[in-house]
Amino acid sequence: MSASTALLVDAFGRIREVVEEVVDGLGPEELGSRPEGRGNSVAWLVWHLTRVQDDHVAGAAGTEQLWTADEWCAAFGLPFAADDTGYGHSSRDVAKVRGLTAELLTGYHAAVHESTVRFLRPLAVKDLDRIVDRGWTPPVTLGVRLVSVLADDLQHAGQAAYVRGLLGK
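Residues numbered from 1 in each chain as written. Predicted model: local features only at pLDDT ≥ 70, side-chain atom pairs only at ≥ 80, totals over all residues. Heavy atoms only, no water.

> Whenever I open this one, the overall build of the protein confuses me. Can you help?
The number of helices and strands found in the protein is eight helices and two strands. Secondary structure elements of the protein, listed N to C terminal, follow the sequence α-α-α-α-α-α-α-β-β-α. Relative to the globule expectation of 15 Å for 169 residues, the C-alpha radius of gyration of the protein, 16 Å, shows essentially globular dimensions. Overall, the C-alpha framework of the protein stretches about 45 × 30 × 30 Å when taken along its three principal axes. With 169 residues in all, the protein has 45% of them scored as buried. Sequence separation of 24 or more characterises 72% of the internal contacts of the protein that already satisfy a separation of 6 or more. Accessible surface for the protein amounts to roughly 8600 Å². Of this, 53% is attributable to carbon and sulfur atoms. (Helix = DSSP H or I, 4+ residues; strand = E, 2+ residues; numbered from the N terminus. Rg over C-alpha atoms; globule rule 2.2 N^0.38 Å. Buried < 20%, exposed > 50% of the residue type's maximum accessible area, 1.4 Å probe, protein only. Contact = heavy atoms within 4.5 Å. Areas by Shrake-Rupley, 256 points an atom, 1.4 Å probe, with all protein chains shown as cover.)

See below:
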């Protein structure tokens, strides 16, 4: 494994650690609790950051998302389209992410994390320059896409930790 991919594996591992810590010991009601009744809940934040990682890494790898391939979509039972990642969700949409357990959230995240690590391990430094999205100017490389996912996931993991703190946990 190159130093670059080792660094990426470490960074994604840190997200995994935060997700585990944030949901640990919380029940479905606490996970679904929304600051001031309108903020993002821990459940929505963890679901969303995991969906983004699953979507973007699967897209870069050319594989099906675990959300559908491993039937996590059915297990979660959320009233969204199978390709929904939570991007652009309204407050009303966020309110629909409820009744989830810590085990379900961490189970999906663990599966996505392991899939991400399997994808990253064999990469060489030159692979990070591969174009994965021509819909942007300039086109997006694999390295830029992975850093984008990391940045987004770390922000949401931090937000989830803050919301947990508001719960007094």
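> Sorry, what's going on with the pattern of salt bridges here?
Two side chains bearing opposite charge may form a pair once their charged atoms approach each other closely. Enumeration according to the criterion identifies seven salt bridges in this entry. Between Asp-10 and Arg-14 there is a salt bridge; the shortest N-O distance is 2.6 Å. Taken as a pair, Asp-10 and Arg-14 lie in helix α1 (residues 3-23) at a separation of four residues, close to a single helical turn. The exposure class of Asp-10 is partly exposed, given its relative accessible area of 37%. For Lys-96, the salt bridge identified is with Asp-93, shortest N-O distance 3.9 Å. (Salt bridge = Lys/Arg side-chain N within 4 Å of Asp/Glu carboxyl O.)

> What is the right way to look at the nonpolar core in this model?
One recurring pattern in soluble globular proteins is that nonpolar side chains are buried together. In terms of nonpolar packing, the biggest core is built from 46 residues, with Trp-47, Phe-76 and Leu-105 touching the most fellow members. Of all elements in the fold, only α1, α3 (42-61), α4 (66-69), α5 (72-76), α7 (102-120) and α8 (142-166) reach the threshold of two or more residues within this core. The biggest single contributor to this core is α3, with nine residues. (Core = buried A, V, L, I, M, F, W, Y, C linked by side-chain atoms within 4.5 Å.)

> What is the right way to look at unusual backbone geometry in this model?
The bulk of non-glycine residues show a negative phi, and the bulk of peptide bonds are trans. In this structure, Pro-138 follows Thr-137 across a cis peptide bond, with omega equal to -5 degrees. Counting through the fold element by element, Pro-138 comes out in the loop between β1 (131-133) and β2 (140-141). Even without being glycine, Glu-36 reaches a positive phi, approximately 55 degrees. Mapping Glu-36 onto the fold places it in the loop between α2 (28-32) and α3. Residue classification places Glu-36 among the exposed positions, given a relative accessible area of 69%. The phi angle at Glu-71 is positive, at roughly 60 degrees, despite the residue not being glycine. Topologically, Glu-71 is positioned in the loop between α4 and α5.

> Whenever I open this one, the side chain of His-113 confuses me. Can you help?
Along the polypeptide, His-113 turns up in helix α7. Taking the relative accessible area as the measure of exposure, His-113 reaches 9% and is therefore buried. His-113 has contacts with Phe-12, Gly-13, Arg-16 and Gln-53, leaving out every residue within four places of it along the chain.

> Teacher, can you tell me more about the packing of aromatic side chains here?
The description of an aromatic ring pair uses the distance of the two centres, along with the angle that the planes make with each other. Applying the stated criterion to the full structure yields seven aromatic pairs. Each ring, one from Trp-72 and one from Phe-76, has its centre 6.5 Å from the other, and the planes form 70 degrees; the classification is edge-to-face. Placement of both Trp-72 and Phe-76 in helix α5 is noted, with a separation of four residues, approximately one turn of the helix. Classification of Trp-72 as buried rests on a relative accessible area of 18%. With a relative accessible area of 6%, Phe-76 lands in the buried category. (Phe/Tyr/Trp six-rings, centres within 6.5 Å; stacked < 30°, edge-to-face > 60°.)

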